[in-house]
Amino acid sequence: MLAHGVTKRPYHVLVDGNHGYNRRQDIHAIACYRPLPPRSLIKIEDCFWTTSPELTFIQICGDESWSDLDIISLGYELCGTYVLDDSWDGLTCIEGAPTSVDKIGRLINSIHRVTGVKRARNLIKHVHDLSNSPMETTLAMLVSLPTTKGGLGLGPISLNHPVTTVVGQRRVDVAFPKQRVGLEYQGKEFHSIEAVGRDSRRQNKIVGSGFTILNVWYEDLVDEHLFQQFITDLFHTLGIRKRIRVSGYRTLQKLLRMQLMPAIKAYGSNEF
């Protein structure tokens, strides 16, 4: 395992549940009782395979130590264009997403008797494709998660949504295509003049194509008063009357932001 870069123990190993296997302290065995669908495993070399991103999502859903929110965040990462990796610089941007919501959904529907399938089916509904950074994921979760989980329950949304402008295609971080409203994460307010100018000119092209853009700053997410003001502005811009009837919703909303706060503080000070 060490030769293949697997350094953390216990090792998680997929085993045939229909046959006995020796238990060891440094191995966490995950039993599978039926043949897996095609492309569930990726061959590294002879006698060494790893689970596909789709199967990985399902298996982690079977681990009760993972919260629903952590699994949804992982889903965004697997279906996005960034990787969180402590062995490198913490955040790496990649060209293409490892998988998609549709691919994970197809495996969920074709697999049987694997721990975590039912939970995976429930949680993948809250994931969206093509997030380009942890902050886009955080912003998307805050606005789109159902009110029963502390989100705003708004949607449908599209991440890195393409917009055709007079100078070519531009992308909006989090878009509400139906209302032609977009959210752009701007990081902390101490952007350089050059960066602010570049962002403003880019947004001018998008706005000129009929999109309304709301800028979201780091402070809007960490400060309670500014966050509530952002919510008011968002509902107003979408032309939606704010009606949330979930009992104890403000507590649920604060709990969601508290759970997301480590990611906001770790990655929210810069614009990705």
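Everything below is about the structure printed above this text.
This is a predicted model, so every value here is computed, not measured.

Reading guide: rules and limits
Residues numbered from 1 in each chain as written. Predicted model: local features only at pLDDT ≥ 70, side-chain atom pairs only at ≥ 80, totals over all residues. Heavy atoms only, no water. Helix = DSSP H or I, 4+ residues; strand = E, 2+ residues; numbered from the N terminus. Rg over C-alpha atoms; globule rule 2.2 N^0.38 Å. Buried < 20%, exposed > 50% of the residue type's maximum accessible area, 1.4 Å probe, protein only. Contact = heavy atoms within 4.5 Å. Areas by Shrake-Rupley, 256 points an atom, 1.4 Å probe, with all protein chains shown as cover. Lys, Arg positive; Asp, Glu negative; His and termini not counted. Charge placed at Lys NZ, Arg CZ, Asp CG, Glu CD. Core = buried A, V, L, I, M, F, W, Y, C linked by side-chain atoms within 4.5 Å. Phe/Tyr/Trp six-rings, centres within 6.5 Å; stacked < 30°, edge-to-face > 60°. Lys NZ or Arg CZ within 6 Å of the ring centre and 35° of its normal. Pairing = 2+ DSSP bridges. Axes fitted to C-alpha atoms, helices over the stretch in contact; angles between N-to-C directions.

### Considerations on the overall build of the protein chain
The helix and strand tally for the protein chain stands at 9 helices and 10 strands. Taking 19 Å as the expected radius of gyration for a compact globule of 272 residues, we find that the protein chain reaches 21 Å, a close match to that expectation. If you line up the protein chain on its principal axes, its C-alpha atoms span 60 × 45 × 30 Å. Burial status across the protein chain gives 42% buried among its 272 residues. For the protein chain, contacts bridging at least 24 residues in sequence account for 57% of all contacts bridging at least 6. Total accessible area on the protein chain stands at roughly 15300 Å², and carbon and sulfur atoms take up 52% of it. Averaging the coordinates of the 32 positive side-chain charges in the protein chain and doing the same for the 28 negative ones gives two points 8 Å apart.

### Re the nonpolar core
Counting 57 residues, the largest nonpolar core has Phe57, Phe176, Leu183, Leu221, Phe230 and Leu234 as the members making the most contacts within it. Beyond its immediate stretch of four places on either side in the chain, phenylalanine 176 contacts Val143, Leu154, Gly155, Pro156, Ile157, Val181, Leu183, Leu234 and Leu238. Counting 6 residues, the second largest nonpolar core, distinct from the first, contains Val163, Val172, Ala175 and Phe211.

### As for the environment of isoleucine 264
Mapped onto the elements of the fold, isoleucine 264 is located in helix H9 (residues 249-267). When the C-alpha atoms of isoleucine 264 and tyrosine 218 are compared, they prove to be 7.7 Å apart, with 46 residues separating the residues in sequence.

### Brief notes about the packing of aromatic side chains
Tallied over the entire structure, the rule returns 1 aromatic pair. Judged by centre distance (6.3 Å) and plane angle (45°), the ring pair of phenylalanine 227 and phenylalanine 230 falls under tilted. Note that phenylalanine 227 and phenylalanine 230 are positioned in helix H8 (residues 224-238) at a spacing of 3 residues, about one turn of the helix. By the burial criterion, phenylalanine 227 is buried, and phenylalanine 230 matches it. When the ring centre of phenylalanine 227 is taken as origin, the NZ or CZ atom of arginine 257, which lies over that ring, is 4.5 Å away.

### With respect to the sheet that holds strand S10 (residues 212-216)
Strand order in the open sheet made by the 4 strands is S7-S8-S9-S10, with mixed pairing throughout. Strands at the two margins of the open sheet, each flanked by one partner only, are strand S7 (158-165) and S10. Taking each pair of neighbouring strands and ignoring which way they run, the sheet shows an average axis angle of 50°. Packed on one face of the sheet, H8 meets strand S8 (168-176), strand S9 (181-185) and S10 and runs near 170° to S10.

### Notes on the pairing of S8
Sheet topology note: the S7/S8 ladder contains 7 bridges and is antiparallel. For histidine 161, the partnering residue across the bridge sits in S8 and is valine 172. Turn length for the S7-S8 hairpin, with the two strands adjacent in sequence and antiparallel, is 2 residues. Two elements, S8 and S9, share 3 bridges in a ladder whose sense is antiparallel. Residue pairing for S9: alanine 175 is matched across the bridge by glycine 182. The loop that links S8 with its antiparallel partner S9 comprises 4 residues; one of these, arginine 180, has a positive phi angle of about 55°.

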